[in-house]
Amino acid sequence: METHFSKQQLKDKDNRSSEKILRKCVHCGFCNTTCPTFDLLGDELDGPRGRIYLIKDMIEKNKPANEKIVKHIDRCLSCYSCMTTCPSGVNYMHLIDHARMHIEKTYKRAFGDRFIRNLLSQIIPYPLRFKIVGMLIFLIKPVSFIFPKRIKEMIKLMPLSFPKRNLPKMKIYSVEKRKRAVARVALLTGCVQQAVSPQINEATIRLLNRHNIEVVVPKGIGCCGSLNYHLGKSDLAKETFKKNILIWHDEYLKNGLDAIISNTSGCGTTMKDYGFIFRWDDDLKKKAKKISELTKDIAEYLNDKVKLNFVEKTMKEKKYKIAYHSACSMQHGQKIHKEPINLIKKTGNIVFDIPNGHFCCGSAGTYNLLQSDIAKQLLKNKIENIKKIDPQFISTGNIGCITQISQGTKIPILHTVEIIDWYTGGPKPEILKRI
Ligand code: SF4
Ligand code: SF4
């Protein structure tokens, strides 16, 4: 694609990166065929190619964002399905991130929109605040009909109770006494996940410890920062990124880390991008790059680095038909797809890909709250495709997808790590006791 940035404009680092990306696009439109919003809405401007034109026009001409641009950019899920399809290697992720920052700087959203986005930014990354709000919502749920649509959607998605933790909060989870640790990893315990599904982190820690891997959860690390980043609140997000990078890097230098494990693929995708985000920061760029290199999704790490010890007795138990839901951030953001399927297959169960599995379930961070109509349609399609498999349960590697999909079906849904934990000596997941 021809671009016309001035020399002055190209002094800006973000313009410079975006210009390079734009020049790779050859307008072929292949990306439109796998874009969920283009598929659903049929408008060129709701597909990647159309959005790329909108972004180019806005950034190249240094125009403030307007209602039309914001509408179509906001409708993008950041699912990156278009990046998997693009034959020219257009990094749409970095382009849309730039566009979101530009929108945040140049466009004043309506009061209601600003209010909701600020609310999400101030609640979701903080597990304690999230739980408090959850309890308040429990009280007001019976009168939720009096609230505006978006608030009603938030109330609906909020869990009614928060499960208790079984593992105590510790900085270091050591391997069994008398055993020697073969590796040492840091675990991102995340924000929402530790409040709504603490069993996922617990399964991860148990499983790693059982395979003689020490797990460290450094104090001060909570959210990965991606929520604010995708809301366009880049300054707020960068504060979190910076804090995380410094804490993990310090741990890496002082005590050694073989990997930083993420068991939420949405977070892992952002952590793997820290190096790019701080590429111009002389103080942080090397550290950020190191943290990105160390980051591994739990499925990727288990598949590539760990010789799993499966328990024969569990392997002989009933076999399940499992539908594997490949989260967008996993398959398109991190290009991890065969690894979790491979792991599940090792348990002896039968695992199927969901038809049209490249399409998003509608979760996409806060998308199901901010664009609920599109998200509901995507969820409906996803559930119809899951039903074609008729599975006994569903597995995935992202808490957002677990929350979203469970809104549309009663079929149990488990994080992949819970399955592997169970088959290597951990407890049988509670929800499987009913089937
Ligand atoms: S990120 Fe997803 S929704 Fe956005 S343009 Fe690409 S394919 Fe479409
Ligand atoms: S597939 Fe790639 S090159 Fe073709 S229009 Fe989409 S982004 Fe541009």
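In every chain, residue numbers begin from 1 and rise along the written sequence. Each chain is given a letter, starting from A, and each ligand a number, starting from 1, according to the order in which they appear as written. Per-residue local features of the predicted model are confined to residues with pLDDT of at least 70, and side-chain atom pairs are confined, for both listing and counting, to 80 or more; whole-chain, interface and lining totals are unaffected and use all residues. With hydrogens and water excluded, all non-hydrogen atoms of the structure serve as input to the side-chain values.

**Considerations on the site of ligand 1**
Proximity is defined per residue: if any heavy atom of the residue lies within 4 Å of a molecule or strand, that residue is considered near it. Near ligand 1 lie 13 residues; those nearest to it are Cys35, Arg51, Cys76, Cys79 and Cys82. Numbering of helices and strands starts at the N terminus; helices are DSSP runs of H or I of at least 4 residues and strands are runs of E of at least 2. If you list the elements that add at least two residues to the shell around ligand 1, you get helix H2 (36-41), helix H3 (48-60) and helix H5 (81-85). A class-by-class count of the residues in the shell around ligand 1 yields nine nonpolar, three polar and one charged. Note on residue categories: nonpolar means Ala, Val, Leu, Ile, Met, Phe, Trp, Tyr, Cys or Pro, charged means Asp, Glu, Lys or Arg, and polar means any other residue, Gly included.

**Description of helix H8 (residues 127-140)**
For H8, spanning 14 residues, the distance from its first C-alpha to its last is 20 Å, which sits close to the expected 20 Å at 1.5 Å a residue. Buried, partly exposed and exposed residues are distinguished by accessible area as a fraction of the type maximum, computed with a 1.4 Å probe on protein chains only: under 20%, between the cut-offs, and over 50%, respectively. Those residues of H8 lying buried are Phe130, Gly134 and Ile137. End-on, the buried residues of H8 take up no more than an arc of 65°, which puts them together on one face. Turned more than 90 degrees from where H8 packs its buried face, Leu128, Met135, Leu136 and Leu139 sit exposed. Contacts from the buried residues of H8 go to helix H7 (111-123), helix H9 (149-157) and helix H10 (192-196). What a helix should span is 1.5 Å times the count of its residues minus one. In this context, the arc is that of the directions from the helix axis out to the C-beta atoms. The contact criterion used throughout is that any non-hydrogen atoms of two residues lie within 4.5 Å.

**A look at the sheet that holds strand S1 (residues 172-173)**
Any two strands between which DSSP finds at least two bridges are classified as paired. Pairing is mixed across the open sheet formed by five strands, whose spatial order is S1-S3-S2-S4-S5. Because the sheet does not close on itself, it has two edges, and the strands there are S1 and strand S5 (295-297). Of the pairings in the sheet, the one linking S1 to strand S3 (residues 213-216) comprises two bridges and is antiparallel in character. Following the sheet pairing, Ile172 is matched in S3 by Val216. Orientation is described by axes fitted as lines to C-alpha atoms, over the contacting stretch for helices, and by angles from 0 to 180 degrees between their N-to-C directions. On the sheet, helix H17 (residues 298-305) packs against strand S2 (183-188), S3, strand S4 (259-262) and S5 and is oriented at approximately 90° with respect to S5.

**Topic: the sheet that holds strand S9 (residues 413-415)**
One open sheet holds the four strands; their spatial order is S7-S6-S8-S9, and the pairing between them is parallel. Two strands bound the open sheet, and with one partner strand each, they are strand S7 (350-353) and S9. Between one strand and the next, the sheet's axes are offset by a mean angle of 35°, whatever the strand orientation. Inspection of the sheet shows strand S6 (residues 321-324) paired to strand S8 (residues 393-396) by three bridges, in the parallel sense. Note on S8: the bridge partner recorded for Tyr324 is Ser395.

**Regarding H7**
Taking 1.5 Å of rise per residue, 13 residues should cover 18 Å, and H7 covers 18 Å from first to last C-alpha, within 8% of that figure. Three or more residues of H7 are buried, namely Asp113, Ile116, Arg117, Leu120, Ser121 and Ile123. Turning to H7, the residues buried within the fold contact helix H4 (67-74), H8, H9, helix H12 (226-230), helix H13 (234-255) and helix H21 (367-370).

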